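Chain by chain, the residues run as shown.
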Amino acid sequence: MSDTAARSGTEPAERDGRETAELSPKERFERRAAAWKAAGRVLWRPGYQLTLRERLDWLSEGAGAVADLDERVDMYGDGLVETLEERVAELLGTEAAVFFPTGTMAQQVALRCWAGRTGDPTVALHALSHPEVHERQAFSQVSGLRPVRLTGEPRMPTADEVRDFPEPFGALLLELPLRDAGFVLPTWEELTEVVEAARERDAVVHIDGARLWECTPHFGRSLAEIAGLADSVYVSFYKSLGGFGGAAVAGPRTLVDEAKTWRHRYGGMIIQQFPTVLSALIGLERELPRLPEYVAHARMVAGALREGFVEAGVPWARVFPEEPHTHQFQVWLPYEPEVLGDAALRHVEETKAGLFAQGWNRGGPGLSYTEVTVAGPGLEWSADDVRAAVRDFVGVLPGRTGA
């Protein structure tokens, strides 16, 4: 039994007798979810790993605090949907906001509207931005937009890259934070300079703010100040806030009114959306005020992880950024993804302490990375707890003591 299991007084979780290499991707996901659910101590509990009953209980428990439950349900975007839209516009300091069922739809519509106004369908963005990496070329295949890449470096685009880009573009998309680069953010000065460079080119600025909610500690600015730099902003209600899904675009009222028309054309006028909208309002009520605390604690966790891997003698272990910009960051280790995935699963099953909730991605030959999120459950961890968990995790890696 590992040190962590001994300290917690728990026995290792019962495991599927097969090696993980024999499992299908679905079976591997379900086994990891089951192990994470059984863990007594984790840094984050993803909503998608919970049961239907648990999610419905969460909704029922919080709904009465954010809405009048005797109010008529929403119908085609009225009622409770409008309440959420008004709340988002208030938080972001914009004239109006419009709710969308998905972020992919929300950003396509916003940028399509801007393309019609500027007469230019070209959107300048980072090569690692979400629309380029995770949306199957939706901009070009569905919306007639033409994405061009400012840079592929694991950082935000610079003002010079925006200013000196060799072809015209009608809109600049800035993902804050840039998730696939390590949830990185520019400094406030760098951000304002990038926006000014776009203005010099007569381009509109759209913020992909799926995770904008947790950016305020890094910038030392309010949500309204950050959003005020841009012409429009997209935000998500399930990333960071724990909602069931959904998104919003905020900006000038004329843009929002046009976006509602395109929402209908894209199939986003769903007759009733109150479960998703209620979950978003609960997230804004409960999680939004706690995000600065999560960010501060993530910095402690990141430092303890780094120290733990150094103490364990793991070569080339990296935490990036060294001081996280938000409550999420990357961990890089010199092993293949399959090796680390198996070790992470074995670690949480045996110790019931979960460090790595996400899968591992190949970053190069013999090098992999994963994403770490620190949320409410992670606040219970001390630096000593993190370092002890790292020792246990390293102990189950191939070639290590106890493996």
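Relevant structure appears above.
Residues numbered from 1 in each chain as written. Predicted model: local features only at pLDDT ≥ 70, side-chain atom pairs only at ≥ 80, totals over all residues. Heavy atoms only, no water.

(A) Inspection of the sheet that holds strand S6 (residues 204–209) at higher detail. Read across the sheet, seven strands follow the order S2-S8-S7-S6-S5-S3-S4 without closing on themselves; strand pairing throughout is mixed. Both edges of this open sheet fall to strand S2 (96–100) and strand S4 (146–149), since each of them pairs with a single strand only. Strand after strand, the sheet turns through a mean of 25° between neighbouring axes, direction not considered. As defined by bridge partners, strand S7 (residues 232–236) adjoins strand S8 (residues 247–251) across four bridges and the pair is classed as antiparallel. By the bridge assignment for S8, Tyr234 is matched with Val249. Along the sheet, helix H4 (residues 80–92) makes contact with S2, S7 and S8, crossing S2 at roughly 130°. Packing against the sheet, helix H9 (residues 188–200) makes contact with strand S5 (171–175) and S6, and its axis sits at approximately 165° to S5. (Pairing = 2+ DSSP bridges. Helix = DSSP H or I, 4+ residues; strand = E, 2+ residues; numbered from the N terminus. Axes fitted to C-alpha atoms, helices over the stretch in contact; angles between N-to-C directions. Contact = heavy atoms within 4.5 Å.)

(B) Spotlight on the pattern of salt bridges. Under the criterion given, the structure shown has 20 salt bridges. Between Arg72 and Asp78 there is a salt bridge whose closest N-O contact spans 3.0 Å. Among the residues examined, Arg72 registers a relative accessible area of 54% and is labelled exposed. Here Arg149 and Glu132 are joined by a salt bridge, their closest N and O atoms 2.7 Å apart. Here Arg149 is found in strand S4, whereas its partner Glu132 is found in helix H6 (residues 130–134), with 17 residues between them in sequence. Residues joined by salt bridges that share partners form a network here, namely Asp160, Arg163 and Glu200. (Salt bridge = Lys/Arg side-chain N within 4 Å of Asp/Glu carboxyl O. Buried < 20%, exposed > 50% of the residue type's maximum accessible area, 1.4 Å probe, protein only.)

(C) Looking closely at the side chain of Glu132. By relative accessible area, Glu132 is classed as buried at 18%. A polar atom in the side chain of Glu132 sits 2.7 Å from the side chain of Arg149. Once residues within four sequence positions are removed from consideration, Glu132 is found in contact with Leu125, His126, Ala127, Pro147 and Arg149. (Polar contact = N/O pair within 3.5 Å; in protein donor to acceptor, adjacent residues only side chain to side chain.)

(D) Fine view of the layout of surface pockets. Taken as a whole, the largest pocket holds about 950 Å³ of empty space. Taken together, 33 residues form the lining of the largest pocket, with Trp44, Pro46, Gly47, Tyr238 and Gly242 sitting closest to its centre. Elements with a minimum of two residues in the lining of the largest pocket: helix H3 (52–63), H6 and strand S13 (367–373). Examining the composition of the lining of the largest pocket, we find that three residues originate from one element, H3, more than from any other. Here the residues of the lining of the largest pocket are counted per class, giving twelve nonpolar, eleven polar and ten charged. (1 Å grid on protein atoms, 1.4 Å probe; cavity = no way out; pocket = protein on both sides within 12 Å on 5 of 7 lines; lining within 4 Å. Points joined across faces, edges and corners; volume = space filled by probe spheres on them. Nonpolar A, V, L, I, M, F, W, Y, C, P; charged D, E, K, R; others polar.)

(E) Spotlight on H4. Its 13 residues place the ends of H4 19 Å apart at the C-alpha level, agreeing with the 18 Å of an ideal helix rising 1.5 Å per residue. Of all the residues in H4, the buried ones are Leu80, Val81, Leu84, Glu85, Val88, Ala89, Leu91 and Leu92. Considering only its buried residues, H4 is in contact with S2, helix H11 (223–227), S7, S8, helix H12 (253–265) and helix H13 (274–286). With its phi angle positive at about 70°, Gly93 sits one or two positions after the end of H4. (Expected span 1.5 Å × (residues − 1).)

(F) Seen up close, the packing of helix H15 (residues 337–351) against helix H16 (residues 383–395). Where H15 contacts H16, the axes come no closer than 9 Å and their chain directions differ by 120°. Relative to H16, the element H15 is oriented oblique. Where H15 crosses over H16, the two elements pack in a sense that is right-handed. Contact residues: Leu340, Ala343, Ala344, His347 and Thr351 in H15; Ala389, Asp392 and Phe393 in H16. Residue composition of the contact of H15 with H16, grouped by class: five nonpolar, two polar and one charged. (Parallel < 35°, antiparallel > 145°, perpendicular 65-115°, else oblique. Left-handed = near helix turned anticlockwise from the far one by under 90°.)

(G) Here's a closer look at the sheet that holds strand S9 (residues 318–320). With respect to topology, four strands assemble into an open sheet ordered S9-S10-S13-S12, the strand pairing being antiparallel. Single-partner strands in this sheet number two, and they are S9 and strand S12 (361–364). Shown here is a sheet whose adjacent strand axes are inclined to one another by a mean of 35°, direction ignored. As defined by bridge partners, strand S10 (residues 328–333) adjoins S13 across six bridges and the pair is classed as antiparallel. Counted as the bridge partner of Phe329 is Val372 from S13. This element, helix H14 (residues 291–311), spans S9 and S10 of the sheet and lies at about 10° to S10.

(H) Seen up close, the packing of aromatic side chains. One pass over the full model with this rule turns up eleven aromatic pairs. Measuring from centroid to centroid gives 6.1 Å for Phe99 and Phe237, while their planes differ by 15°, and the two rings are stacked. Here Phe237 lies in the loop between S7 and S8 and Phe99 lies in strand S2, a separation of 138 residues in the sequence. Residue Phe99 is classed as buried on the basis of its relative accessible area, which comes to 2%. Measuring from centroid to centroid gives 6.2 Å for Trp262 and Tyr266, while their planes differ by 70°, and the two rings are edge-to-face. Judged by its relative accessible area of 21%, Tyr266 falls in the partly exposed class. (Phe/Tyr/Trp six-rings, centres within 6.5 Å; stacked < 30°, edge-to-face > 60°.)

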